[in-house]
Amino acid sequence: MPAPLLDVDHIDTFYGPSQALSGMSFSVMPGQFVTLLGRNGMGKTTSVKSVMGLMSPARGTIRFDGKNIAGLPAYQVARAGIGLVPEGRQVFPNLTVHENLVATAHNRQGQASPWTQEKIYALFPRLDERSGNLGANLSGGEQQMLAIGRALMTNPRLLILDEATEGLAPLIRNDIWHCLTELKASGLAIICIDKNLNSLLPLADHHYIVEKGRVVWSGSSTELRNQREQLQGYMGV
Ligand code: ATP
């Protein structure tokens, strides 16, 4: 068995006195596509924030490539090779598409064929057409493509997407799913939080259902399909 790329082990994370994660544990193997599922407010985004160094767990370990990254500042986590497509996109509104892409670009891992603007534009031709437009003047779908492109320009080994298709028109959603299919085929490890279970099932290797700050079920897409009715209450979709 190869070692996990990311191993989150029994983390507890608090907002002030309020505990959002209680013994949250999950892992991602190299090249694996993993989902975090569960109803609103169960701790998926808090798990992502804890991994990314945006929140510091009070207990537990988070190992990325064998090193404990729990509590490291976000910029160090990003440098270690984790890219985030955050909930709500958060593209730089006053920078152009081109500037958004180059603002975060680096290849600290020394990847053999790093992401370039040209590759991002080949993945999302709409962004090429809009390369001189400000982030604020893009449609929601274009902003989402830009958020993904910006994360890829950091040449991550693990990409985390938090509600990447939320609020998008069906055709644009399909573009995003198509992109994730290509990224998975390229060998990138991916964590995806999304409510579109039907789109996730063919793509994902492993699922974790989160309830009240911990994982209550995990399994493959086949297992999830077989138990979908019994698990419906946990997913609320
Ligand atoms: P959603 O899909 O709604 O984002 P989620 O599963 O990602 O749901 P989290 O956002 O991680 O859930 O929230 C986990 C718990 O932490 C919830 O009880 C929520 O109310 C609480 N929480 C989230 N953000 C804050 C905050 N800024 N301050 C206090 N409590 C928070």
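As a starting point, this report considers the structure included with it. (Residues numbered from 1 in each chain as written. Predicted model: local features only at pLDDT ≥ 70, side-chain atom pairs only at ≥ 80, totals over all residues. Heavy atoms only, no water.)

**Overview of the overall build of the protein chain**
At step 1: Scanning the protein chain for helices and strands turns up ten helices and ten strands.
At step 2: In terms of overall dimensions, the protein chain is globule-like: its C-alpha atoms have a radius of gyration of 17 Å, near the 18 Å expected for 237 residues.
At step 3: Projected onto its principal axes, the C-alpha coordinates of the protein chain cover approximately 45 × 40 × 35 Å.
At step 4: Restricting the contact set of the protein chain to residue pairs at least 6 apart, pairs at least 24 apart contribute 66%.
At step 5: Here the protein chain displays about 10,700 Å² of accessible surface, and carbon together with sulfur accounts for 50% of that area. (Helix = DSSP H or I, 4+ residues; strand = E, 2+ residues; numbered from the N terminus. Rg over C-alpha atoms; globule rule 2.2 N^0.38 Å. Contact = heavy atoms within 4.5 Å. Areas by Shrake-Rupley, 256 points an atom, 1.4 Å probe, with all protein chains shown as cover.)

**Some remarks on the pattern of salt bridges**
Any two side chains of opposite charge can pair if their charged atoms end up close together.
At step 1: Inspection of the entire model under this criterion finds eight salt bridges.
At step 2: Residues arginine 39 and glutamate 211 are paired through a salt bridge, measuring 2.9 Å at the closest nitrogen-oxygen approach. Remark: glutamate 211 occurs in strand β9 (residues 206-211) and arginine 39 occurs in the loop between β3 (33-37) and α1 (44-52); sequence separation between them is 172 residues.
At step 3: The partner of lysine 184 in a salt bridge is aspartate 205, and the shortest N-O contact between them spans 3.3 Å. In this pair, lysine 184 sits in helix α7 (residues 170-185) while aspartate 205 sits in the loop between α8 (197-203) and β9, placing the two residues 21 residues apart along the sequence. (Salt bridge = Lys/Arg side-chain N within 4 Å of Asp/Glu carboxyl O.)

**Overview of the nonpolar core**
At step 1: Core analysis: the largest hydrophobic core is formed by 42 residues, its most contacted members being Leu159, Leu180 and Leu224.
At step 2: If near-sequence neighbours (up to four positions away) are discounted, leucine 224 is found in contact with Leu37, Leu197, Leu201, His207, Ile209, Trp217, Leu231 and Met235.
At step 3: The next biggest cluster of nonpolar side chains, apart from the first, holds 26 residues, and it includes Val8, Leu36, Met52 and Ile82. (Core = buried A, V, L, I, M, F, W, Y, C linked by side-chain atoms within 4.5 Å. Buried < 20%, exposed > 50% of the residue type's maximum accessible area, 1.4 Å probe, protein only.)

**Digging into the side chain of aspartate 194**
At step 1: Looking at the element boundaries, aspartate 194 is found in the loop between β8 (189-193) and α8.
At step 2: The buried charged residue aspartate 194 lacks any salt bridge partner; its closest oppositely charged side chain belongs to arginine 173, at an N-O distance of 6.4 Å.
At step 3: In terms of polar contacts, aspartate 194 uses its side chain to reach the side chain of threonine 165, at 2.8 Å.
At step 4: Looking at aspartate 194, its side chain comes within polar contact range of the side chain of asparagine 196, at 2.7 Å.
At step 5: When neighbours within four sequence positions are excluded, aspartate 194 is seen to be in contact with Leu36, Leu37, Glu163, Ala164, Thr165, Trp177 and Leu200. (Lys, Arg positive; Asp, Glu negative; His and termini not counted. Polar contact = N/O pair within 3.5 Å; in protein donor to acceptor, adjacent residues only side chain to side chain.)

**So, the pairing of strand β7 (residues 158-162)**
At step 1: For β7, a buried count of five out of five residues is recorded, marking the element as mostly surrounded by other parts of the structure.
At step 2: Of the two faces of β7, the one lined by Leu158, Ile160 and Asp162 and the one lined by Leu159 and Leu161 are each fully buried.
At step 3: Judged from the five bridges that link them, β7 and β8 form a sheet pairing that is parallel. Within the sheet, the bridge partner assigned to leucine 159 lies in β8 and is isoleucine 190.
At step 4: Crossover β7 to β8 through α7 is right-handed. (Pairing = 2+ DSSP bridges. Right-handed = clockwise from strand over helix to strand, strands pointing away.)

**Some words on helix α6 (residues 140-152)**
At step 1: Spanning 13 residues, α6 covers 18 Å between terminal C-alpha atoms, matching the ideal 18 Å at 1.5 Å per step.
At step 2: Most of α6 is tucked away: twelve of the 13 residues are buried.
At step 3: Looking at α6, one finds that the buried residues are Gly141, Glu142, Gln143, Gln144, Met145, Leu146, Ala147, Ile148, Gly149, Arg150, Ala151 and Leu152.
At step 4: In this structure, the buried residues of α6 make contact with β6 (82-85), α3 (97-103), α4 (117-123), α5 (125-129), β7 and α7. (Expected span 1.5 Å × (residues − 1).)

**Things to note about the site of the ligand**
At step 1: Around the ligand sit Tyr15, Ala20, Arg39, Asn40, Gly41, Met42, Gly43, Lys44, Thr45, Thr46, Glu87 and Glu163, and those are all the residues in its vicinity.
At step 2: Taking lysine 44, its side chain carries an N or O atom lying 2.8 Å from an oxygen atom of the ligand.
At step 3: Between the ligand and threonine 46, the relevant distance is 2.5 Å, taken from an oxygen atom to a side-chain nitrogen or oxygen of the residue.
At step 4: For the ligand, the protein covers 60% of the area, taking 620 Å² as the surface of the free molecule.
At step 5: The element best represented in the shell around the ligand is α1, accounting for three residues.
At step 6: Considered class by class, the residues forming the shell around the ligand number three nonpolar, five polar and four charged. (Near = heavy atom within 4 Å. Nonpolar A, V, L, I, M, F, W, Y, C, P; charged D, E, K, R; others polar.)

**A closer look at the layout of surface pockets**
At step 1: Looking at the largest pocket, its volume works out to about 470 Å³.
At step 2: Elements with a minimum of two residues in the lining of the largest pocket: α1, α2 (74-80), β6 and α6.
At step 3: Of the residues that constitute the lining of the largest pocket, the class distribution is ten nonpolar, five polar and four charged. (1 Å grid on protein atoms, 1.4 Å probe; cavity = no way out; pocket = protein on both sides within 12 Å on 5 of 7 lines; lining within 4 Å. Points joined across faces, edges and corners; volume = space filled by probe spheres on them.)

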